[in-house]
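Examination of the molecular architecture
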Amino acid sequence: MTLAAIQVLNGLTFAALLFLVASGFTLIFGLMRIVNLAHGALYLMGGYIALSTAMESGSFALAIAAAAAAIALAGFLVDRFLLGFVKGHELRQVLLTLGIALCLNDLALVIWGGDTFTVPVPEALRGAWSFAGISYPRYRLFVLAVGVVVFVLLWLLVNRTRLGALIRAGVDDAETVEAIGIDIKRVFVGTFMLGAALAGVGGALGGAFLSLYPTADSEILVFSLAVVIIGGRGSLWGAAVGSLFVAMLATYGQVWFPELAYFVIFGPMALLLAFRPLGLFGRAA
Amino acid sequence: MRRSTRLAVFAATLAVLALVPFVVPGYPTTLATEMLIFATLAMSIDILSGFAGRTPLCHGAIFGVSTYVLLYYVTVANGNVWVGAALGIAAATLTAMIFALLAVRTSGVYFLLLTLALGMVVWGVCLRWTSVTGGENGIRGTVRPAWLGNARVLYYFILVVTSAMTAAMWRFVRSPFGLTLAGIRESETRMRALGYDVPLHLFLAFTVSGFFAGLAGVLYAFFNSFVSPSTVGLEQSVEGLLMALVGGVGTLFGGLVGAAIIISLENLVSAYTERWMMALGLLFIFTMIFAPSGVLGRVREALAGNGKPRT
Amino acid sequence: MDRRNFMKAAGAVAAAAAGPASIPSAAAQNGPIRIGLLAPLTGVVASGGKEMVEGFNLYWNQFGHKVAGREIEVTVEDDASNPNTALEKARRLVEQGNVQMLIGDLLANTGLAVAEYVKGNGVPYFIPIIAADDLTQRKRIPNVIRIAGYAASQMPRPLADWLYKKKGIRKVVTVSQDYTFGHEQCGGFVQTFSELGGKVLAQYWHPLNTQDFSPYLAQIQAAKPDIVYAMETGADGTRFIQQWANFGMKGKMPLCGSMNLTDQSIIRNLGSESEGILSAAHFCEGNDAPATKKFVAEYEKAYRKLPSLYGFSMYSGAMWLAKAIEGVKGNVEDRPAFLEAVRKVVLTDSPLGRPVRLDEYGEPVYDVFIREVKKRPDGKYWNVPLDVYPNVSQFWHYKPDEYMKQPPYSRTFQGIKG
């Protein structure tokens with residue numbers, strides 16, 4: 001019973017982190033049709049920035065805010081000054097973001113070095129919480145809570161605000177939105193920044209229990225890809241369900257079929273891409 | 001470009017390559033050997049991305065499968081190296097066929113992601129199936145036959161094989177089948193309307209591309225005497241793709257140019273700084289923004305701009 | 001193979017493999033001695049890799065960069081904790097950099113890849129850190145010598161013995177990185193433990209660079225062992241200790257591990273989470289032997305931190321090399337003589353405070369300390385010795401020939417008795 005409960009929590013808390021990162025990815029992919037392969041690098045950068053901020057200021061909240069702001073800015077720069085050059089060429093955009101990922105990764109290596117770091121968390125979030133006969137890390141439960149809150153906020157944003165309506169309309173048919181006279185470019189940039197910020201926050205939070213190191217970006221990117229492909233691009237529910245699916249597979253797969261751990265995640269992703277590229281909740285353009 | 005000019009260029013390239021072990025023996029010859037191997041890989045990628053219009057991120061996995069099979073067969077199963085090579089190429093081709101079956105109905109970004117995922121599956125297997133693939137340790141052992149033991153002899157062997165393969169690939173992409181592929185790249189709907197079986201063509205193109213990637217993998221086993229999960233990993237697929245892109249997709253020989261540029265750059269950059277990854281990333285960015293058709297692509301455009309018809 | 005024959009055979013093979021480079025030339029004898037140092041400066045064990053370079057350089061900085069009249073030139077290359085990269089860099093150092101010898105590497109898989117490469121060209125390769133058993137057991141390569149190093153299974157055996165006899169531990173679970181070093185450390189531990197009568201409840205293997213240990217921690221909690229043996233290096237070690245504490249297992253279940261788990265490179269960046277973890281090693285920075293105290297003080301002065309196993313081992317490695325180079329009067333180009341000199345070195349000034357020499361199979365014999373992580377008055381954490389097992393060889397209580405009949409440790413063979 002204890003084992004089962006802990007494993008479920010492990011899966012849920014990891015899913016929460018994946019959701020944070022994948023939600024940003026799916027927004028960008030859904031709206032702008034850009035597969036942002038630099039998303040993992042943005043996550044890692046966000047984590048490192050949070051690390052430095054937390055170590056300098058001693059405030060975890062400030063660290064998260066700094067990560068969000070800095071990576072949103074990075075997103076703006078990437079979109080404005082780099083992606084702008086290859087507009088309209090899907091494949092080129094993707095490959096461009098790959099180049100950006102390599103550069104960001106190396107930049108992080110220069111600034112923070114090759115060691116593994118953990119973002120320090122406040123005392124209140126350290127250690128384990130005992131309840132219902134089990135002991136579980138407080139911090140992971142915190143991440144779970146944040147994931148749920150962010151889901152709710154994003155859902156409200158996308159479904160209950162004008163901006164959200166514009167985003168949804170843009171996901172469905174960007175040309176028409178532009179034809180109505182709305183500056184879709186602003187919406188695009190804003191969405192990119194939001195997506196990037198989510199990745200940055202993901203890095204700050206993930207950096208505290210999964211740690212930060214030079215290859216963390218490609219690892220989280222690959223998971224995000226799996227989530228978004230399985231869940232369907234542009235769909236929040238898809239990101240949530242996809243995250244749960246991938247996280248549970250990773251958690252249980254690691255222990256039950258360690259030999260097949262990666263197969264178990266990428267197998268479904270590959271099959272979905274082959275037979276149902278829109279994923280579970282995605283809609284045709 | 002007129003046929004005679006082209007032949008002259010080939011001959012000149014071949015002559016230059018043949019002189020390498022005499023002019024720059026030692027480490028540069030080793031680098032040149034590597035360049036030839038990865039040029040074959042890049043060209044195999046180009047068959048798919050340049051000629052069929054489908055950009056893959058899985059060829060590292062296909063390439064590495066061949067290396068793994070050969071090394072396993074010789075060092076663990078104590079088999080004959082040439083049988084092992086044949087098995088390796090067969091395994092790579094089979095892998096490509098499986099990937100193709102799943103991927104032919106997708107295109108563009110989805111194709112890219114699907115091949116990425118499939119490559120990851122192969123990587124995961126190589127990493128975790130420790131009893132067979134050695135897991136993190138990989139498989140090591142000198143598989144090349146004794147008469148290829150000398151670096152210079154190995155270089156010439158690989159040069160001969162690579163030249164033959166390049167010629168074969170060239171014939172392939174210029175054949176009616178290859179021209180159909182080019183047509184598919186230009187406009188799939190038109191080709192379908194004309195009655196061509198597009199999925200079948202793509203499937204075959206993928207398979208052929210896998211065959212050549214597998215061949216490169218065998219040469220790599222000869223050269224490196226070692227294989228590990230890195231060889232089938234995403235970085236290998238990315239680097240191979242970058243070589244094809246930088247050299248010029250759709251030119252075939254762009255693969256050779258791209259491999260030469262990237263391997264030279266890596267050694268040059270690494271001599272002065274550790275920032276090789278950043279240089280690679282910047283190269284990617286630069287190529288995508290300013291030279292999406294790559295070096296040879298630009299050259300071809302420039303030549304076409306002279307009013308001569310593109311052959 | 002007895003000692004004399006092994007040395008003769010090794011010498012003959014080394015001479016044959018060395019080729020023309022072994023003929024000393026007057027010009028080469030006055031030039032610098034170029035040493036290629038391979039270390040993981042990035043990747044899962046970057047923290048250890050950096051210290052390898054620091055430890056190695058500390059020796060030369062202290063005693064000068066000249067031995068037997070020749071300048072010592074060290075070129076450092078990053079092996080990225082990756083065997084393919086290690087191989088590429090080794091190739092570059094030897095073929096482009098013209099180094100006369102290679103030293104270093106941290107992860108066993110990187111060492112094995114480079115060892116295979118030097119097998120072909122006879123370049124001397126010294127491995128103070130690589131602990132893969134077979135390099136000094138079944139698959140000995142004459143020009144690969146483990147100076148100042150240890151074999152993976154050498155250290156955990158005393159720990160298993162001590163836990164069984166002195167602490168009454170009867171049930172154990174192991175969790176380990178899934179590669180040679182992990183297999184061998186766990187193998188050494190569980191074989192000894194099970195031969196004494198202990199029970200191995202389960203063994204968990206995970207890939208290098210596992211970020212999330214929660215599934216394993218859940219399983220461990222369910223298995224309820226008397227102690228957990230965690231074989232972790234680098235970042236995996238850091239994460240394991242943190243997650244162990246975060247899951248509330250610290251204090252509730254005893255934890256022991258490989259010496260790498262409680263190595264300074266990990267525990268100096270942690271706090272109380274590492275307190276109380278047991279391990280076994282030849283090097284114990286809290287040991288109050290005068291030579292050790294002196295070394296620790298000097299290291300602290302130079303780098304403002306306590307030395308890790310990696311710093312210590314490479315420092316000893318440099319000391320060893322210097323002695324060997326002196327032994328051949330600087331003529332390292334005469335490979336057979338140089339390798340012979342390396343094998344004959346007796347390190348009398350080792351920071352361990354006892355002389356270190358190689359056994360007939362090319363492996364040092366050590367006094368192994370049972371260590372515990374404790375807090376110093378100044379707030380830093382370090383390993384202090386609780387007990388010591390003198391003169392532990394790579395073969396423990398077994399006869400070498402008997403021992404080498406059993407297969408090398410792997411995931412499938414852990415030597416568990418019964």
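Residues numbered from 1 in each chain as written. Chains lettered and ligands numbered in written order. Predicted model: local features only at pLDDT ≥ 70, side-chain atom pairs only at ≥ 80, totals over all residues.

What follows covers the overall build of chain B. Scanning chain B for helices and strands turns up 15 helices and two strands. Against the globule reference of 19 Å for 311 residues, chain B gives a C-alpha radius of gyration of 19 Å, in line with a compact fold. Within the span of chain B, comprising 311 residues, buried residues form 55% of the whole. In chain B, of all internal contacts separated by at least 6 residues, the share reaching a separation of at least 24 is 77%. (Helix = DSSP H or I, 4+ residues; strand = E, 2+ residues; numbered from the N terminus. Rg over C-alpha atoms; globule rule 2.2 N^0.38 Å. Buried ≥ 20, exposed ≤ 12 C-beta atoms within 10 Å, placed from the backbone. Contact = placed C-beta atoms within 7 Å.)

This paragraph deals with the overall build of chain A. Assigned secondary structure in chain A consists of ten helices and two strands. Ordered by position in the sequence, the α and β elements of chain A form the string α-α-α-α-β-β-α-α-α-α-α-α. In terms of C-alpha radius of gyration, chain A reaches 18 Å, essentially the compact-globule figure of 19 Å for 285 residues. Its C-alpha atoms give chain A principal-axis dimensions of roughly 60 × 45 × 35 Å. Looking at the 285 residues of chain A, the share that counts as buried comes to 60%. Counting contacts in chain A only where the partners sit at least 6 residues apart, residues at least 24 apart contribute 76% of the total.

Reports of interface size often rely on the accessible area that becomes lost once the parts have come together. With 23 residues of chain C in contact, the opposing surface of chain A contributes 27 residues. If you list the elements that add at least two residues to the side of chain C that touches chain A, you get α3 (46-63), α8 (214-223) and α9 (234-246) of chain C. In terms of residues, the side of chain C that touches chain A owes the most to one element, α8 of chain C, which gives seven residues. Per-class residue counts for the side of chain C that touches chain A are nine nonpolar, twelve polar and two charged. (Nonpolar A, V, L, I, M, F, W, Y, C, P; charged D, E, K, R; others polar.)

A pair of packed helices is characterised by two quantities: the angle between their axes and the separation of those axes. It is at 9 Å that the axes of helix α9 (residues 236-256) of chain A and α8 of chain C come closest, and there the two elements cross at 55°. Taken together, the axes of α9 of chain A and α8 of chain C are oblique relative to one another. Considering the relative orientation of α9 of chain A and α8 of chain C, their crossing is right-handed. Along the contact surface, α9 of chain A presents Thr 251, Gln 254 and Val 255 of chain A, while α8 of chain C presents Pro 215, Tyr 216 and Gln 219 of chain C. (Axes fitted to C-alpha atoms, helices over the stretch in contact; angles between N-to-C directions. Parallel < 35°, antiparallel > 145°, perpendicular 65-115°, else oblique. Left-handed = near helix turned anticlockwise from the far one by under 90°.)

Time to look at the environment of Pro 32 of chain C. Residues and elements named next belong to chain C. Mapped onto the secondary structure, Pro 32 falls in the loop between α2 (26-30) and β1 (33-39). Distance from Pro 32 to Arg 70, taken between C-alpha atoms, is 5.5 Å for residues 38 residues apart in sequence. Once you skip the residues sitting within four places of it in the chain, Pro 32 turns out to touch Arg 70, Glu 71, Ile 72 and Glu 73.

Another aspect to go through is the pairing of β1 of chain C. Residue and element names in this part refer to chain C. Counted residue by residue, β1 has six buried out of seven residues, so it is predominantly covered. Sheet topology places β1 next to strand β3 (residues 70-78); seven bridges connect them, and they run parallel. Counted as the bridge partner of Arg 34 is Glu 73 from β3. Of the strand pairs in this sheet, β1 and strand β4 (residues 101-104) are connected by four bridges, and their pairing is parallel. From the neighbouring strand, Leu 37 faces β4, where its bridge partner is Ile 103. (Pairing = 2+ DSSP bridges.)

Leu 18, Ala 67, Ile 71, Ala 226 and Val 246 of chain A together with Ala 117 of chain B are the most contacted members of the largest nonpolar core, which has 351 residues in total. Per-element accounting of this core gives the leading share, 17 residues, to helix α1 (residues 2-32) of chain A. Counting only domains with at least three residues in this core, you end up with domain 1 (3-151 + 310-344) and domain 2 (153-288 + 366-405) of chain C. Discounting chain neighbours no more than four positions away, the residues touching Val 246 of chain A are Leu 18, Phe 223, Ala 226, Val 227, Ile 230 and Ile 265 of chain A. (Core = buried A, V, L, I, M, F, W, Y, C linked by C-beta atoms within 7 Å. Domains from an automatic or database assignment.)

Neighbouring strands of a sheet are bound in pairs by backbone hydrogen bonds; such pairs are parallel or else antiparallel. Residues and elements named next belong to chain C. Here we have six strands laid out as an open sheet, ordered β2-β3-β1-β4-β5-β6, and mixed in their pairing. Of all strands in the sheet, those bounded by a partner on one side alone are β2 (66-67) and β6 (144-145). α3 rests against β1, β3 and β4 of the sheet, and its axis sits at about 155° to β1.

Residues and elements named next belong to chain C. Within strand β9 (residues 227-231), five of the five residues are buried, which leaves the element mostly enclosed by the surrounding structure. Neither face of β9 is exposed, since Ile 227, Tyr 229 and Met 231 on one face and Val 228 and Ala 230 on the opposite face are all buried. By the bridge criterion, five bridges tie strand β7 (residues 171-177) to β9 in an arrangement that is parallel. Its bridge partner lying in β9, Thr 174 is registered against Tyr 229. In the sheet, β9 pairs with strand β10 (residues 255-257) via three bridges, with the strands oriented parallel. When the bridges of β10 are listed, Tyr 229 appears paired with Cys 256. In this view, the connection linking β9 to its parallel neighbour β10 by way of α9 has right-handed handedness. (Right-handed = clockwise from strand over helix to strand, strands pointing away.)

Closest axis-to-axis distance for the helix α4 (residues 90-112) of chain A/helix α14 (residues 276-290) of chain B pair is 8 Å, and the angle between their directions is 155°. Classed by the angle they form, the pair α4 of chain A and α14 of chain B counts as roughly antiparallel. Here the hand of the crossing between α4 of chain A and α14 of chain B comes out left-handed. Residues Arg 92, Leu 95, Leu 96, Leu 98, Gly 99, Ile 100, Leu 102, Cys 103, Asn 105, Asp 106 and Leu 107 of chain A of α4 of chain A touch α14 of chain B, and the partners they reach there are Met 277, Met 278, Leu 280, Gly 281, Leu 282, Phe 284, Ile 285 and Met 288 of chain B.

Each side of the interface is counted separately: chain A has 34 residues, and chain B has 32 residues. Among the secondary structure elements, those contributing two or more residues to the side of chain A that touches chain B are α4, α8 (216-231) and α10 (261-275) of chain A. The biggest single contributor to the side of chain A that touches chain B is α4 of chain A, with 14 residues. Considering only residue class, the side of chain A that touches chain B consists of 26 nonpolar, four polar and four charged.

Now for helix α15 (residues 294-304) of chain B. When we look at burial in α15 of chain B, the residues that qualify are Gly 294, Val 295, Leu 296 and Gly 297 of chain B. Residues of α15 of chain B that are buried sit in contact with α12 (234-247), α13 (254-272) and α14 of chain B.

This next bit is on α1 of chain A. All names here are of chain A. Look at α1: 44 Å from first C-alpha to last across 31 residues, which is about the 45 Å you get at 1.5 Å a residue. Along α1, the sharpest kink reaches roughly 25°, centred on Ala 22. Most of α1 is tucked away, with 25 of its 31 residues classed as buried. One or two steps after α1, the chain reaches Arg 33, where phi turns positive at roughly 55°. (Expected span 1.5 Å × (residues − 1). Bend = angle between axes of the 7 residues up to and from the residue.)

All names here are of chain C. Mapped onto the elements, Ile 129 comes out in the loop between β5 (125-126) and β6. Once the C-alpha coordinates of Ile 129 and Gln 96 are considered, the two residues, 33 residues apart in sequence, prove to be 25 Å apart. Leaving out residues up to four positions away in the same chain, Ile 129 has contacts with Met 52, Asp 105, Leu 106, Gly 149, Tyr 310 and Ser 313.

Within chain A, residue pLDDT values average 88, and 98% of them lie at 70 or more. Looking over chain A, one finds the lowest element-wise mean pLDDT in α10 of chain A, namely 79, and the highest in helix α2 (residues 39-57) of chain A, namely 95. (pLDDT = per-residue confidence, 0-100.)

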